[in-house]
Each structure stands twice: as C-alpha cells, then as structure tokens.
Amino acid sequence: MPLFLLLTCLSSTVTLVSPAALDPCSAYISLNEPWRNTDHQFDESQNQPLCDNHMNGEWYRFTGMAGDAMPTFCIPENHCGTHAPVWLNGSHPLEEDGIVQRQACASFKGNCCLWNATVEVKACPRGYYVYRLARPSVCFHVYCGHFYDICDEDCHGNCLDTTECACSPGTSLGPDGQTCFDENECEHNNGGCSEICVNLKNSHRCACGVGRVLRSDGKTCEDIEGCHNNNGGCSHSCLGSEKGYQCDCPRGLVLSEDNHTCQVPVLCKSSAIEVSVPRELVGGLELFLTNTSCRGVSNGTHINIVFSLKTCGTVVDVVNDKIVASNIVTGLPKQTPGSSGDIIIRTSKLLIPVTCEFPRLYTISEGYVPNLRNAPLEIRSRNHGIFPFTLEIFKDREFEEPYRETLPTLKLRDSLYFGIEPLVHVSGLESLVESCFATPTAKMDEILKYYLIQDGCVSDDSVKQYSSRDHLAKHFQAPVFKFVGKDHKEVFLHCRVLVCGVLDERSRCAQGCHRRVRREVGEDEDSAGLQSQTLTGGPIAIDWED
C-alpha cells in the first residue's frame, strides 16, 4: 500500500503577461520558480511539498530558473519541489501544428504515470512553448520545467556560411534552431517494447504489466512462473500450490482486476462512491479526501467515507471510452490534543487513490411514460458503475413535471414532451442523443421502427429540440403518433446517448448533427467495448379514435 504524507499546499508566484491578447503566445502566465526545475530535488526534512492547486486552465510559459519547457520524459518522485512531479508524456508540436493536446503524467512510487490529465501545448513563433495546464486533482502535484541543451555553433572555415546546430543522440532540434529537445522514442513503434514503454531523458526503457517481467532482451515480457520470482508479482501475499500460485490479501482488502494488487474496497454507485478502509490498516491516522472537510467515520471495524461525483474535490474526466471519477484518501496522524483515540501509530503516511469508471455510451428504451417499477440504472462493483440516465415524459414544455403517479392518456393531436435526464448532475460533461427511434413493441430489434433522431440529427421535421441549462439533459417535443394498423396501440421509444467532455472540441458531442458519423464513428465506439444498458417500460394506451 503506497504511503504518503500530505502537507500544506503553497501557491506559486506568477507573472501575468498581456492578458488582453487572444493568442496564448502573447497572453500567458510566466512560471519562473527555481524549485519547478527537474534539477531541484525535494527534501521533506527541510521543506513542505508544493502544489499547483491554484491553476485553473490558464496558459503558462516556463521561464527563468524554472527551465525552458516541460520535460518530455519521466521525472523521479521528490523532484520539482514536491512528491509527485508532473511531466509531458508526448513530444512538443511544431509551430504549424497549432494547439495540440498531450497527456501530462505525475510520477509517484515508481509509477511514471500514477495520475494523468489532458493539457494543451502550442509552439510559438520565437521558439518557445506555452501550455494550458489543468488543475491537479490532489495537492502534491507540480508541473515541472527543464533546462534543455542549447547548441553552441562552432565556426569552421571562413565563417561566412550560416552553420546549423547538431543535437546529440536521443534529442532533436527545436523550432528556435538552437535548443535540443528530448525525443520521445515511445511514440515510434512503442520504442520496440512489447507492452509498456517509458520515455527517459535522451533514452527510454520497457516495462511489463502486473504479473509479468522483462526477458533478457529488455523488450519482451513473460509471465512470472511462481512465488519465488518477484513474489509472483503480488503486492502482498503469494500462495503457491501444485497447480500454480495465486495472490492473497490481508483481511479487509480485496484483489483488483489484475488479480495481483490488493486494494481497498470501493463501491461505485450512481448517487455516491463508498470507500471502506480496514481500521487495522489505518492505525492512528485520520482519513480525509481532497477536500479536507470530507472525513472518514468509524464503525468499529472500518473507516467509511461516502462522497458523490460533485463533492469533496472529486475530479470527473472523460478518458477514451469512459467517464472517470477520481479522488484521493489521505491519512495523517490525529492532531487533537488529549484525544481518547489511538495513542500510538505504526505509520505516519497513507495515500489511497480512489477511481470509479463509468461507460460513456447508453441505450435507453422507454414507453411514452417511465415504468414505475424500474429502478435507476446501477452496477454495484468495486471500481465500475453506470452513469445514470432516464427517459422522462413531461406534462408540458417547461420540462419540470414528469408523469410519475398515473399513466396519462394521449390523443393523436396532443404533443409529446420527452427528455433524456441525468440522475446525477456533474459539471464538465455534456451529452449527445445520437438516435431516438420508436417501435410498436418493447423490442429494440423490431423490424417496424420510426426514427425521430438519427446520427445526432432530427429526422422528423415535426420534432423540436429545446435548450437546457444542464449540458447532460436533452429535451424534445413531437406530435403524438401511432403505427399504422388497428393492432398497434402502443409506442415505445429507444434512445442512444453518448457522454463527452465539454471542453473537448473534437469529441463526437461537439460535432453534433453528422450524417456520416453513425457508420464510421459509432462502430469504432462499439468495438472499443462501450457498455450499453436498456430500460424498458410503459406502455400507455393511445386514444386514437375520434
């Protein structure tokens, strides 16, 4: 179990340059603190760890003693004035590339990318870079700067011709024609590694997943054969047998999905995330989340912490095909004088990262009114859950009062007001209704179907979409209809919903109506293993006779 002491966060001193300009190359905040540099090693006995929790998506440039640019290689922990230094996991762009997105990684406990976030980078005309940096989710992360080599041009011959800089192996010439930047070998054929490639200064190394080790070639991986070899890759106990071996955890901990790492049980639900830490693991420590006002409560055997997706400093982000909610449980010795609690502790630091993953894509089926017997979508598991949506039928165009107690009778001349409603409202996310179609039965694969929305576009001119204050909610109005035939007196709706990040300008949600996306993008997302869930409810009788 990783251990860590969280101390007071200190703000950085910054210099604001030309805030009125729109171009980030001339409107940025200068980061010039010497402790940001990769050469600055943090000494916990003399200083407190620093943090960049004051950052909020502004543009920054590394200058002065902080360095020339962000390092593009893994930085060991306890550098850059903090415990978990943040580096750029990707190469710097060229000037003609414009603004690009890159991954920023924080190094801690031997893991070069224990935490990551998406940042934006732009190469500026005078040979420097600016970065749009996100606020770290916890308080011991600091964005690093690095001094890169400056090429000294030697004069040969008559010195009339302009010479060019030559960079050493493992580096390449930057846009200013003088600075030699580290090359990210992992961007090309994964650095020759069969599994994990870690970029280092002027070099790289290969690594393997849990339960596997590098072969003598330093590139390919093989399974660990037993407990005698690196403890079988187990984080705690390794139990051998004639048939092989298996990892075992202390009481109160559970095996993660890799079957090798022991972790604290985490319950991911639509309304709350529940963490249960064994009391014997905690000792005399007091547990709290990123927002220190959220603290653990003891039930005698465990310390329990309950929080939601929008409280206690929880960070919600969209990563590939998932919505990821993360927080961190930190333990510190109790500071209350004369406390009647534990009088000794066996550890002074405790750090437990907590992550819940939710799929982005959902299929929701419903009759004209919700089935009152259905509960909200929910998967109870250790670290996965369902981001909940419901399909509601509303009484009017205000979309405030849905039908709940009684089932309405709708005539063909009436208007149908329906909407996709999130049960949890989280900022930073938005949704796209990719499709909505109607069927005369509850079966989604019914041959007879009629599309109201397809490929994010309204297919029926009579359908009207309303704006909503919540980026996740979508509201629509359509005339009540029925399928041809006396036997068809029921209508079911089926809607496909995709969740994206609001700030991701290249996401499918940002594209909106796109006729060609359904075949090209939709199939890719399905192949990525996106989970979908179905709610089937209703129906109501339609009064279609005069």
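Residues numbered from 1 in each chain as written. Predicted model: local features only at pLDDT ≥ 70, side-chain atom pairs only at ≥ 80, totals over all residues. Heavy atoms only, no water.

Where an unreviewed UniProt entry is consulted, the protein chain appears under the name Oncoprotein-induced transcript 3 protein, with the organism given as Mus caroli.

## Remarks on the overall build of the protein chain
When you go through the protein chain residue by residue, the secondary structure sums to 3 helices and 38 strands. Of the contacts formed within the protein chain by residues at least 6 apart in sequence, a portion of 64% connects residues at least 24 apart. For the protein chain, the accessible area works out to roughly 27500 Å², and carbon and sulfur atoms hold 47% of it. (Helix = DSSP H or I, 4+ residues; strand = E, 2+ residues; numbered from the N terminus. Contact = heavy atoms within 4.5 Å. Areas by Shrake-Rupley, 256 points an atom, 1.4 Å probe, with all protein chains shown as cover.)

## Examining the pairing of strand β27 (residues 350-359)
Among the 10 residues of β27, 7 are classified as buried, and the element is accordingly described as predominantly covered. With 10 bridges joining them, strand β26 (residues 322-333) and β27 adopt antiparallel strand pairing. Each bridged residue has a counterpart across the sheet, and for Ser-326 the counterpart in β27 is Thr-355. (Buried < 20%, exposed > 50% of the residue type's maximum accessible area, 1.4 Å probe, protein only. Pairing = 2+ DSSP bridges.)

## As for the packing of aromatic side chains
Applying the stated criterion across every chain, the model contains 10 aromatic pairs. Ring geometry for Phe-62 versus Tyr-131: centroids 5.5 Å apart, planes at 75°, classification edge-to-face. Of this pair, Phe-62 sits in strand β3 (residues 59-62) while Tyr-131 sits in strand β7 (residues 129-132), and the two are 69 residues apart along the sequence. With a relative accessible area of 0%, Tyr-131 lands in the buried category. Three or more aromatic residues link up through ring pairs in this structure, and these residues are Phe-394, Phe-399, Tyr-417 and Tyr-466. (Phe/Tyr/Trp six-rings, centres within 6.5 Å; stacked < 30°, edge-to-face > 60°.)

## Here's the deal with the confidence of the model for the protein chain
Where the model shows low pLDDT, its predicted coordinates should not be examined in detail. Here the protein chain averages 76 in pLDDT, and 79% of its residues register 70 or above. The least confident element of the protein chain is helix α3 (residues 517-527), whose mean pLDDT is 40; the most confident is β7, at 94. The low-confidence segment residues 1-21 (pLDDT under 50) makes 69 contacts with residues lying over four places distant or belonging to another chain. Predicted confidence is poor over residues 517-538, with pLDDT under 50, and the contacts of this stretch with residues over four places away or in other chains come to 60 contacts. (pLDDT = per-residue confidence, 0-100.)

## Re the sheet that holds strand β21 (residues 273-278)
Spatially, β20-β21-β24-β23 is the arrangement adopted by the 4 strands of the open sheet, whose pairing is antiparallel. The sheet is open, and its two edges are formed by β20 (266-268) and β23 (297-298), each paired on a single side. By the bridge criterion, 2 bridges tie β23 to strand β24 (residues 302-307) in an arrangement that is antiparallel. Bridge assignment links Ser-298 to a residue of β24, and that residue is Ile-303.

## Considerations on the sheet that holds strand β31 (residues 415-422)
Across a sheet, paired strands are connected by hydrogen bonds in the backbone, their directions being either parallel or antiparallel. If you trace the 4 strands from one edge of the open sheet to the other, you get β29-β31-β36-β35, paired in antiparallel fashion. Looking at which strands have only one partner, the edges of the open sheet turn out to be β29 (389-394) and β35 (464-466). Recorded for the sheet is a direction-independent mean angle of 25° between the axes of neighbouring strands. Pairing of β29 with β31 involves 6 bridges; the strand directions are antiparallel. (Axes fitted to C-alpha atoms, helices over the stretch in contact; angles between N-to-C directions.)

## Examining the side chain of Thr-38
Summarising the element assignment, Thr-38 is placed in the loop between β2 (28-31) and β3. Engagement of the side chain of Thr-38 in a polar contact is seen with the side chain of His-146, the distance being 2.7 Å. The contact partners of Thr-38, leaving out residues within four places of it in the chain, are Pro-71, Ile-75, His-79, Cys-80, Cys-144, Gly-145 and His-146. (Polar contact = N/O pair within 3.5 Å; in protein donor to acceptor, adjacent residues only side chain to side chain.)

## Topic: the state of the cysteines
Covalently bonding the sulfur atom of one cysteine to the sulfur atom of another cysteine gives a disulfide. For the structure shown, the criterion picks out 15 disulfides. Cys-105 shares a disulfide with Cys-113; S-S distance 2.0 Å. Looking along the S-S bond of the Cys-105-Cys-113 disulfide, the torsion reads about -65°, which is the left-handed sense. With a relative accessible area of 0%, Cys-105 lands in the buried category. With a sulfur-sulfur separation of 1.9 Å, Cys-227 is cross-linked through a disulfide to Cys-238. Across the S-S bond of Cys-227 and Cys-238 the torsion is about -80°, and the bridge reads as left-handed. With a gap of 11 residues between them, Cys-227 in the loop between β15 (221-223) and β16 (237-241) and Cys-238 in strand β16 connect regions that are remote in the sequence. Look at Cys-238 and you get buried, because its relative accessible area is 16%. (Disulfide = S-S within 2.5 Å.)

## Brief notes about the pattern of salt bridges
All chains considered together, the criterion is met by 13 salt bridges. Across the pair Lys-122 and Asp-23 runs a salt bridge whose closest N-O atoms are separated by 2.9 Å. Taken together, the positions of Lys-122 in strand β6 (residues 111-123) and Asp-23 in the loop between β1 (14-17) and β2 put the pair 99 residues apart, joining distant regions of the chain. Overall, Lys-122 belongs to the buried group, its relative accessible area being 17%. Judged by its relative accessible area of 34%, Asp-23 is partly exposed. The partner of Glu-120 in a salt bridge is Arg-132, with the nearest N and O atoms 3.8 Å apart. (Salt bridge = Lys/Arg side-chain N within 4 Å of Asp/Glu carboxyl O.)

## Overview of the pairing of strand β5 (residues 99-108)
Across 4 bridges, the pairing between strand β4 (residues 84-89) and β5 is antiparallel. When the sheet's bridge partners are listed, Asn-89 is paired in β5 with Gln-103. Two strands pair when backbone bridges link them, and β5 and β6 are joined in this way by 9 bridges, in the antiparallel orientation. In the sheet register, Ala-106 faces β6, and the bridge partner there is Trp-115. Linking β5 back to β6 in an antiparallel pair, the connection comprises 2 residues, with Lys-109 at a positive phi of about 55°.

## A closer look at unusual backbone geometry
Non-glycine residue Asn-189 carries a positive phi angle of around 55°. Mapped onto the elements, Asn-189 comes out in the loop between β11 (179-182) and β12 (196-200). When its relative accessible area of 70% is taken as the criterion, Asn-189 is described as exposed. A positive phi is found at Asn-259, a non-glycine position, where the angle reads about 65°. Within the element layout of this structure, Asn-259 appears in the loop between β18 (254-255) and β19 (262-263).

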